Amino acid sequence: MMPVRLVPGLLRVISILLAYRIDELVGDGSRVNPMQFFRPLAAKPRVDVRRLSRGERLRLAMTELGPIFVKAGQVLSTRRDLIPADIAEELSLLQDQVEPFPGSEARDIIERELKSTIGLLYGQFDETPLASASIAQVHAATLHDGSKVVVKVLRPGIDARIARDVRLLRSLAELAQRWHPKADKIRPLEIVAEVEKMLENELDLQREGASASLLKRNFASGEDLYVPAVHWDLTAQRVLTLERVYGISSDDVAAIDAAGLDRKKLAAKGVRVFYEQVFRDNFFHADAHPGNIWVDPSRLDEPRFIALDFGIMGSLPDTDQYFLAQNFIALFERDYARIAQLHVAAGWMPDNLRLDELEAAIRTVCEPYFTRPLSQISLAELVVKLFRTAQRFELTLQPQLILLQKTLLNIEGVGRLLDPDIDIWAVAHPVLKRILRERYSPLRTLREVRKRLPVWLHDAPQFPELVRDALRQIGRGEQRTVTDPQWLKLQHDSARQQQRLIACSLLGSSLMISAALMWTLAPQHGPLPPLCESIAGLLAFAVGWPRSR
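First, a word on scope: everything that follows refers to the structure included in this document. (Residues numbered from 1 in each chain as written. Predicted model: local features only at pLDDT ≥ 70, side-chain atom pairs only at ≥ 80, totals over all residues. Heavy atoms only, no water.)

## Remarks on helix α18 (residues 424–439)
Logical step 1: The end-to-end C-alpha separation of α18 is 22 Å, in line with the 22 Å expected for 16 residues at 1.5 Å each.
Logical step 2: Inspection of α18 places Ile-424, Trp-425, Val-427, Ala-428, Val-431, Leu-432, Ile-435, Leu-436 and Arg-439 among the buried residues, and these make up the whole buried set. Taken around the axis of α18, the buried residues stretch over an arc of 155°, which confines them to a single face.
Logical step 3: Capping the start of α18, Asp-423 holds a side-chain oxygen 3.1 Å from the backbone nitrogen of Ala-426, two or three residues further along. (Helix = DSSP H or I, 4+ residues; strand = E, 2+ residues; numbered from the N terminus. Expected span 1.5 Å × (residues − 1). Buried < 20%, exposed > 50% of the residue type's maximum accessible area, 1.4 Å probe, protein only. Arc of directions from axis to C-beta. Polar contact = N/O pair within 3.5 Å; in protein donor to acceptor, adjacent residues only side chain to side chain.)

Below, the structure written as structure tokens:
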């Protein structure tokens, strides 16, 4: 039951949606469309909607509905696995720009949050905002030492307004869940949950500052990507103070050319930075549209990007990250059987499907692309089509993977805008292989083993009981029986590989630790014995290391 206090807001939303004929997207003619009963309440549209596509109508309606609905549309545009491509493209054009609130109110919020006066906090503070969005607005300021900064301030009362609008969105999603013929595919309640989670993150500017700090640490050299520094003494939950940076929007090709920057080098660097964020650091900018990715005009010899707005960041579980990286490698090498096996092993697909059918479907999608020159193949487009194909086999994707898909589309779009002839495959493949060699090297494994060894030793006494419980379950017939021979072979090979990895890792770790102890505690025996033990330990790691099939 919808709360009575939400009825006026709901009627306004329905009126605007009807004005732009969004009700035509709800029904398919096979059942009664409940929105048609509200047609007399429809507002008059500002444009002639008859000449507009369905995506344009939805974009204009959300713009008129207000900032929270704009934010919802932006989130919806990332769900290309759930909505048609033409609607997703239009919703991606939504701009989160609203009228600014008075600078005097921003000053009051800053002083209340930072518990001091503006004069003591900043040498100079400009009450006229540089930019204004639905959640916050940005002001220019100068510190007492002359450093230029920008101050991001949450809108007054935004918490209560978002809570109210989210409740309204949830009510609308419940209506869509009940009446839309494809509600099980679109999953409107899940989309609202994503909007709510994203808005909660954006309402904490201290969290955004922490994300900026981590990204800056990951690219500490600043050679490829520059991240503005956070001034933590001038930052709180509702106020964020960042170093002010100057740059050119990455889609302003004319300004980049006028600055004398090498666009081809920039495009290749953008692709490399993306793969480093995802697979090296497992922390990526998930809102990397041109407005948030600038180009530094001061570096002509070695151009670099500047990152802005860290409210939406993404990361992947270690397992998903590993399987995703292996999927990319298999895709680069056109190993379709391997892609199918990896999708099942990752748990993205049901373990009872036929791998040969999935392999055939993947080959059907990919092969037409490989008839073109590699420089003309859109990796992002291919990944989107693969996800849609995999949905026929009950693909289950986490929201992080959807964010990654959106980021890949944005990055490739920027890359091709800067260099229409860029060969994404030639740039990405060696970078990804290098990152995987470093990330899953024997030395890194040794460090991980040493880090986890205390936990393993702590849990070791429980292993006999776990084995006993597992044997009892098997004896009672509670274990699931799987008869697919391909799946059984995949699981058998995976188990053997894991057993070999564990055994060799333990042996290698023991030998390396023994060598270190011998070198430290018994130097009189000379360097040869510990050197031999170290070599033997590295050989153990090499023998146990997983090999791609």
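What follows picks up the thread again.
## Description of the environment of His-343
Logical step 1: Following the sequence through the fold, His-343 ends up in helix α14 (residues 336–345).
Logical step 2: The spatial distance from the C-alpha of His-343 to the C-alpha of Leu-355 is 9.5 Å, given a sequence separation of 12 residues.
Logical step 3: A distance of 2.9 Å separates the side chain of His-343 from the backbone oxygen of Ile-339, its partner in a polar contact.

## Remarks on the nonpolar core
Logical step 1: If you look at the biggest cluster of nonpolar residues, it comprises 122 residues, and the most contacted ones within it are Leu-215, Tyr-275, Phe-279, Phe-328, Leu-379, Trp-425 and Leu-432.
Logical step 2: Sort the elements by how many residues they give to this core and helix α12 (residues 263–281) lands first, with nine residues.
Logical step 3: Residues Ala-106, Leu-121, Leu-143 and Val-149 belong to the second largest nonpolar core, which totals 17 residues. (Core = buried A, V, L, I, M, F, W, Y, C linked by side-chain atoms within 4.5 Å.)

## A short note on helix α7 (residues 158–179)
Logical step 1: Over its 22 residues, α7 extends 31 Å from the first C-alpha to the last, a length consistent with the 32 Å expected when each residue adds 1.5 Å.
Logical step 2: Along α7, the positions that sit buried rather than exposed are Ile-158, Ile-162, Asp-165, Val-166, Leu-168, Leu-169, Ser-171, Leu-172 and Ala-173.

## Some points on the packing of aromatic side chains
Logical step 1: In this structure the tally under the stated criterion is seven aromatic pairs.
Logical step 2: With 6.1 Å between their ring centres and 35° between their planes, Tyr-122 and Phe-125 make a pair best called tilted. In this pair, the class of Tyr-122 matches that of Phe-125, namely buried.
Logical step 3: Aromatic pair Phe-279 and Phe-328: ring centres 5.8 Å apart, planes at 80°, arrangement edge-to-face. (Phe/Tyr/Trp six-rings, centres within 6.5 Å; stacked < 30°, edge-to-face > 60°.)

## Some remarks on the pairing of strand β6 (residues 239–243)
Logical step 1: Burial runs high along β6: four of the five residues are buried.
Logical step 2: The pairing of strand β4 (residues 148–154) with β6 spans five bridges and is antiparallel. In the sheet register, Val-149 faces β6, and the bridge partner there is Glu-243. (Pairing = 2+ DSSP bridges.)

## Structural notes on the sheet that holds strand β7 (residues 248–249)
Logical step 1: Pairing is mixed across the open sheet formed by four strands, whose spatial order is β5-β10-β9-β7. With one partner strand each, in any of the chains shown, β5 (225–226) and β7 form the two edges of the open sheet.
Logical step 2: Where strand β9 (residues 293–295) and strand β10 (residues 305–307) come together, three bridges link them in antiparallel fashion. The residue bridging Trp-294 from the neighbouring strand is Ile-306, located in β10.

## A short note on the side chain of Asp-419
Logical step 1: Inspection of the secondary structure puts Asp-419 in the loop between α17 (399–418) and α18.
Logical step 2: For Asp-419, the residues in contact, after removing those within four places along its chain, are Arg-263, Lys-264 and Ala-267. (Contact = heavy atoms within 4.5 Å.)

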